[in-house]
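# Coordinate inspection notes
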Amino acid sequence: MHFAVLTQEPNNYTSTRLREEGEARGHTVDMIDTLHCYMDIATANPTVRYHGAELPHYDAIIPRIGASITFYGTAVVRQFEMMGTFPVNESVAISRSRDKLRSLQLMSRKGVGMPKTGFAHAPDNTRDLVRKVGGVPVVIKLLEGTQGVGVVLAETWKSAESVIDAFSGLKTNILVQEFIKEAEGSDIRCLVIDGKVVAAMKRTAADGDFRSNLHRGGTSEVVRITKEERATAVKAAKVMGLNVCGVDLLRSSRGPLVMEVNSSPGLQGIEGATGKNLAAAIYEFIEQRARPHATGTRGKG
């Protein structure tokens, strides 16, 4: 079969593993820079062009769309969907998961456990906003932040007001979430493929930090998850409509809480922690499911 990985980082760990594993299974795998794709959308025969030539027909694409290029990246994925190419994750699902507010609203509607969350742009009453999510300490996030950037823990009322006022001055949207103290600076990343949790790791924040992102010096280790945690991760992936994703959970006194659903999960940390060949698991899913026009949206929406 002929596959394409849409990525701006063809030489990073995840892209390299996807290329190597695909080729080891007898497939042809092309690395395509998403931003260098351009599209013919004005004809009855939609195409994607790259470096002056039309791209070949692919049996499937594996979107590795960075958060900073979500709009253009999902447009490229949508174009492939219109051409009948099978996407590992559909454009609508990627867009849904990247919009933090939309994803939280969808999960709330479906009864998925989450931290208490407020959303604001320029709140008239900062204390009321913080009070509604349980008071201080409180986590304040830029809506567009990724990998722990734009995330602040405010431990006092004064610091919470100062941070919210500062973010409001940037004319940006913010999320205010309760701080789950009992998580003790750790979260659980569950890798969900085709409705099953195939691997899980516990990530712990570096000393002096509360963010467990591995990019920020956090550490990882294999972890055994509960039935409730497994069910929560699977449900969150289903609500987002994602076939392959990372679901980040916090262990709280009231059960597992979903912090985020990542539509382009990295493989390095979780393969290293678990010792599992997760690139192979992704290809097993593609080999079983890839069919022309086998998408729910078919390029719509």
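Here the structure is a predicted model, which is why all the values come from computation and not from measurement.

### Concerning the sheet that holds strand β12 (residues 186-193)
By way of backbone hydrogen bonds, the strands of a sheet pair with one another, either parallel or antiparallel. Spatially, five strands are ordered β14-β13-β12-β15-β16 in an open sheet, and the strand pairing comes out antiparallel. For this open sheet the edge positions go to β14 (219-222) and β16 (255-262), each flanked by a neighbour on one side alone. Here the strands of the sheet are splayed against their neighbours by 30° on average, with no regard to which way each runs. As defined by bridge partners, β12 adjoins strand β15 (residues 244-252) across six bridges and the pair is classed as antiparallel. Looking at the pairing, L191 lines up with G246 of β15. Where helix α7 (residues 227-240) meets the sheet, its contacts fall on β12, β13 (196-204), β15 and β16, and the angle it forms with β16 comes to roughly 35°. Contacts between helix α9 (residues 278-289) and the sheet are confined to β12, β13 and β15, with β12 contributing the most and set at about 35° to the helix.

### Some points on the packing of helix α1 (residues 13-24) against α9
Their axes nearest at 9 Å, the elements α1 and α9 cross at an angle of 60°. In terms of orientation, α1 and α9 fall into the oblique class. For the crossing formed where α1 meets α9, the hand is right-handed. Taken together, the residues of α9 that come into contact with α1 (itself represented by R17, L18, R19, E21 and G22) are A279, A280, I282 and Y283. Tallied by class, the residues present in the contact of α1 with α9 amount to five nonpolar, one polar and three charged.

### Some words on the domain arrangement of the protein chain
In many reports, interface size means the accessible area that the parts give up when they come together. Along its sequence, the protein chain is organised into domain 1 (2-96), domain 2 (117-179) and domain 3 (182-289). For domain 1 versus domain 3, the separation of C-alpha centres amounts to 24 Å. Listed as interface residues are 23 residues of domain 1 and, on the opposing side, 23 residues of domain 3. Between domain 1 and domain 3, the buried area comes to about 2000 Å², and carbon and sulfur atoms account for 56% of it. For domain 1, the biggest contributors to the area lost against domain 3 are Y13, R25 and N89; these three give 26% of the whole. Linking domain 1 with domain 3 are two salt bridges. The shortest N-O distance in the salt bridge between R25 and E287 comes to 2.9 Å. Linking domain 1 to domain 3 there are 16 residue pairs in polar contact (both at pLDDT 80 or more). Only α1, β6 (60-63), β7 (86-87) and α3 (91-98) provide two or more residues apiece to the side of domain 1 that touches domain 3. Among the elements that line the side of domain 1 that touches domain 3, the one with the most residues is α1, at seven residues. For the side of domain 1 that touches domain 3, the class distribution of residues is 13 nonpolar, four polar and six charged.

### Re the UniProt feature "binding site: Mn(2+) 1" (unreviewed entry) in the protein chain
UniProt feature "binding site: Mn(2+) 1" (unreviewed entry): in the numbering of this structure it lies at D248 and E260. The residue D248 is located in strand β15 in this model. Apart from residues lying up to four places away in sequence, D248 is in contact with D187, I188, R189, R203, L257, V258, M259 and E260. Engagement of the side chain of D248 in a polar contact is seen with the side chain of R203, the distance being 3.2 Å. By the secondary structure assignment, E260 is in strand β16.

### Some thoughts on the pattern of salt bridges
What the rule picks out here adds up to 11 salt bridges. The partner of R254 in a salt bridge is E178, and the shortest N-O contact between them spans 2.2 Å. Placement of the pair is R254 in the loop between β15 and β16 and E178 in strand β11 (residues 174-178), with a sequence separation of 76 residues. Owing to a relative accessible area of 44%, R254 belongs among the partly exposed residues under this scheme. Among the residues examined, E178 registers a relative accessible area of 13% and is labelled buried.

Cut-offs used in this document
- Residues numbered from 1 in each chain as written.
- Predicted model: local features only at pLDDT ≥ 70, side-chain atom pairs only at ≥ 80, totals over all residues.
- Heavy atoms only, no water.
- Pairing = 2+ DSSP bridges.
- Helix = DSSP H or I, 4+ residues; strand = E, 2+ residues; numbered from the N terminus.
- Axes fitted to C-alpha atoms, helices over the stretch in contact; angles between N-to-C directions.
- Contact = heavy atoms within 4.5 Å.
- Parallel < 35°, antiparallel > 145°, perpendicular 65-115°, else oblique.
- Left-handed = near helix turned anticlockwise from the far one by under 90°.
- Nonpolar A, V, L, I, M, F, W, Y, C, P; charged D, E, K, R; others polar.
- Domains from an automatic or database assignment.
- Buried area = accessible area lost by both parts, 1.4 Å probe.
- Salt bridge = Lys/Arg side-chain N within 4 Å of Asp/Glu carboxyl O.
- Polar contact = N/O pair within 3.5 Å; in protein donor to acceptor, adjacent residues only side chain to side chain.
- UniProt positions renumbered as here; feature names shortened; annotations may be inferred.
- Buried < 20%, exposed > 50% of the residue type's maximum accessible area, 1.4 Å probe, protein only.

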